[in-house]
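Here's the letter readout for the chains.
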Amino acid sequence: MERHGQKVVLITGCSSGIGLRIAVMLAEDEKQRYHVIATMRDLKRKDNLVKAAGDLYSKTLFVAELDVCSDESVKQCINSIKDRHIDILISNAGIGLVGPVESIPMDEMNNVFETNFYGSVRLIKEVMPDMKNRRAGRIIVISSVMGLQGVAFNEVYAASKFALEGFCEGLAAQLLSFNVTLSMLEPGPVHTEFELKMIQGMKEKEWPSVDPDTVNYFRNFYLPGAVDIFEILGQTPDHIAKVTSNPHFHNLTNPLYSPILALKYADETGCLSVQAFYCMLFTLRPLMNVGMPVLKYLTFGCKSITNKEDYKKSNITLTFSKSFLSLFTFHAVDMQSAL
Ligand SMILES: NC(=O)C1=CN([C@@H]2O[C@H](COP(=O)(O)OP(=O)(O)OC[C@H]3O[C@@H](n4cnc5c(N)ncnc54)[C@H](OP(=O)(O)O)[C@@H]3O)[C@@H](O)[C@H]2O)C=CC1
Ligand SMILES: CC1=C(/C=C/C(C)=C/C=C/C(C)=C/C=O)C(C)(C)CCC1
């Protein structure tokens, strides 16, 4: 049963960033097709959302409290919805974690898994039985490109998103037989508070228990690289929000990441991929400003390898990109060993 013919959408983590923009975009739908329940763990942080929603607040957009880390909070929120009926669930809430692994306390790592992985699992577990029962529903999970490709100094964050990818891959196939579709979005860098916490918050931080080489790699190689990556590849939350309107199963929102992923899947040993990352981080970072647009041009056809036809069409460019990246990588390895 839809609310006055509207689809009921529940979104987590709407106090800022991607969740906020998805909520507002759906609430602004010209045909008013959506009844948006924009949730957040702390209602004191609702002002930005309410302001962005303007007149639509309390018309097509409603705010509710939901902490994805709490069973009780999730249950309370879902139980407060009429007939517990949700047509579209968008699991967006998430946190980052950056820094040398040896300096990160286990409880911080647990918190990342509790939020990014179990947070989505908890919510899906609560909503999915009703969707299965009705043989209708859509679940969209905001994963990350780091759910497909690990990045140095983001090991635990990437692991939490890899876990989510594995979970969703299994579930998606099961849900098809219930007419429930499950999709994941895999954005690269997006300009939100996440970026501020991930980069600005790290610049001044001390790492007393970490060896000087690792601190040097983090501060003088990784951080400037991350700044460049956000500058070159950064997308807006609106860009990500638009992808939710007609998602595939995987949705790599940033085609500039395609060469990196193409390399990973093209070389089944994984060695090229690890070496390419090593070189990009330690020897070739200054070239990335030039390299990324070049790779985009060379591998344009790889950007949509989401089905067999696209794969066939992109085979030539895939081979080309593989060769190019191999050359790029081997050249870098040569340079490295010559030093
Ligand atoms: N920005 C980026 O570069 C990328 C982000 N992503 C993913 O996108 C999603 C949204 O991030 P983004 O908008 O960028 O970042 P923001 O930091 O702007 O937003 C994150 C949201 O998650 C909420 N949140 C955190 N913990 C909980 C919790 N326990 N319960 C409920 N809500 C919670 C935050 O609430 P509060 O205000 O209370 O902290 C906030 O509303 C995340 O899953 C992130 O991993 C993926 C790829 C790239
Ligand atoms: C690609 C790349 C780098 C950094 C990538 C970053 C920082 C990506 C951030 C992605 C985000 C924020 C995803 C959120 O879920 C390095 C290590 C600098 C150099 C090697 C190539």
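Residues numbered from 1 in each chain as written. Chains lettered and ligands numbered in written order. Predicted model: local features only at pLDDT ≥ 70, side-chain atom pairs only at ≥ 80, totals over all residues. Heavy atoms only, no water.

## Structural notes on the pairing of strand E3 (residues 61-65)
Side chains on a regular strand alternate between the two faces of the sheet.
1) Next: Where strand E2 (residues 34-40) lies against E3, five bridges are found, and the strand directions are parallel. Within the sheet, the bridge partner assigned to Ile-37 lies in E3 and is Phe-62.
2) Next: Taken together, E2, helix H2 (residues 47-53) and E3 form a β-α-β motif whose crossover is right-handed. (Pairing = 2+ DSSP bridges. Helix = DSSP H or I, 4+ residues; strand = E, 2+ residues; numbered from the N terminus. Right-handed = clockwise from strand over helix to strand, strands pointing away.)

## Digging into the sheet that holds strand E5 (residues 137-142)
1) Next: Here we have seven strands laid out as an open sheet, ordered E3-E2-E1-E4-E5-E6-E7, and parallel in their pairing. One side of each edge strand has no neighbouring strand; the edge strands of this open sheet are E3 and strand E7 (250-251).
2) Next: Relative to the sheet, helix H3 (residues 71-79) contacts strand E1 (7-11), E2 and E3, its axis offset from that of E3 by approximately 145°.
3) Next: Against the sheet, helix H4 (residues 106-134) makes contact with E1, strand E4 (88-91), E5 and strand E6 (180-185), and its axis sits at roughly 170° relative to E4, the strand it touches most. (Contact = heavy atoms within 4.5 Å. Axes fitted to C-alpha atoms, helices over the stretch in contact; angles between N-to-C directions.)

## Comments concerning the packing of H3 against H4
Relative placement of two packed helices is described by the angle separating their axes and the distance separating the axes.
1) Next: Where H3 meets H4, the closest approach of the two axes is 10 Å, and the angle between their N-to-C directions is 35°. As for how H3 packs across H4, the hand of that crossing is right-handed. Contact residues: H3 offers Asp-71, Val-74, Lys-75 and Ile-78, while H4 offers Arg-122, Leu-123, Glu-126 and Val-127. (Left-handed = near helix turned anticlockwise from the far one by under 90°.)

## Thoughts on a negative patch on the surface
1) Next: On the surface, Glu-102, Glu-155, Asp-211 and Asp-213 cluster together into a patch of negative charge.
2) Next: Relative to the assigned elements, Asp-213 resides in helix H7 (residues 212-233). (Patch = residues over 30% accessible without salt bridge, like charges linked within 9 Å, V, L, I, M, F, W, Y side chains within 5 Å. Areas by Shrake-Rupley, 256 points an atom, 1.4 Å probe, with all protein chains shown as cover. Salt bridge = Lys/Arg side-chain N within 4 Å of Asp/Glu carboxyl O. Lys, Arg positive; Asp, Glu negative; His and termini not counted. Charge placed at Lys NZ, Arg CZ, Asp CG, Glu CD.)

## Looking at the domain arrangement of the protein chain
1) Next: In terms of domain boundaries, the protein chain breaks down into domain 1 (7-253) and domain 2 (255-339).
2) Next: In this assembly, 21 residues from domain 1 lie in contact with 17 residues from domain 2.
3) Next: Summing both sides of the interface, domain 1 and domain 2 together bury roughly 1,700 Å²; the carbon and sulfur share of this comes to 71%.
4) Next: The biggest single contributor to the side of domain 1 that touches domain 2 is H7, with nine residues. (Domains from an automatic or database assignment. Buried area = accessible area lost by both parts, 1.4 Å probe.)

## Remarks on unusual backbone geometry
1) Next: With a phi angle near 70°, Phe-153 is a residue other than glycine that sits in the positive phi range.
2) Next: Mapped onto the fold, Phe-153 is located in the loop between E5 and helix H5 (155-176).
3) Next: Located in the positive-phi region is Asn-179, a residue other than glycine, with phi close to 60°.
4) Next: On the secondary structure map, Asn-179 appears in the loop between H5 and E6.
5) Next: A relative accessible area of 53% means that Asn-179 is categorised as exposed. (Buried < 20%, exposed > 50% of the residue type's maximum accessible area, 1.4 Å probe, protein only.)

## Things to note about the nonpolar core
1) Next: In this structure, Leu-10, Ile-86, Leu-89 and Ile-139 are the most contacted members of the largest nonpolar core, which totals 30 residues.
2) Next: Taken together, the elements giving at least two residues each to this core come down to E1, H3, H4, E5, H5 and E6.
3) Next: In terms of residues, this core owes the most to one element, H4, which gives seven residues.
4) Next: Those residues in contact with Leu-10 that lie beyond four places of it in its chain are Ile-37, Thr-39, Leu-66, Cys-77, Ile-78, Ile-81, Ile-86, Ile-88, Leu-89, Ile-90 and Leu-123.
5) Next: Counting 26 residues, the second-largest nonpolar core is a separate cluster that includes Val-9, Ile-11, Ile-18 and Leu-56. (Core = buried A, V, L, I, M, F, W, Y, C linked by side-chain atoms within 4.5 Å.)

## A look at the site of ligand 1
1) Next: Neighbouring ligand 1 are 31 residues, the closest being Ser-15, Arg-45, Asn-92, Tyr-157 and Thr-192.
2) Next: A distance of 2.8 Å separates an oxygen atom of ligand 1 from a polar side-chain atom of Arg-41.
3) Next: Between ligand 1 and Val-68 there is a distance of 3.0 Å, counted from a nitrogen atom to a backbone nitrogen or oxygen.
4) Next: The fraction of the free accessible surface of ligand 1 (890 Å²) that becomes covered by protein chains is 96%.
5) Next: At the level of secondary structure, the elements contributing two or more residues to the shell around ligand 1 comprise helix H1 (17-27), H5 and helix H6 (193-203).
6) Next: Looking at the shell around ligand 1, the element that brings in the most residues is H6, giving three residues.
7) Next: Across the shell around ligand 1, the residue classes tally to 14 nonpolar, eleven polar and six charged. (Near = heavy atom within 4 Å. Polar contact = N/O pair within 3.5 Å; in protein donor to acceptor, adjacent residues only side chain to side chain. Nonpolar A, V, L, I, M, F, W, Y, C, P; charged D, E, K, R; others polar.)

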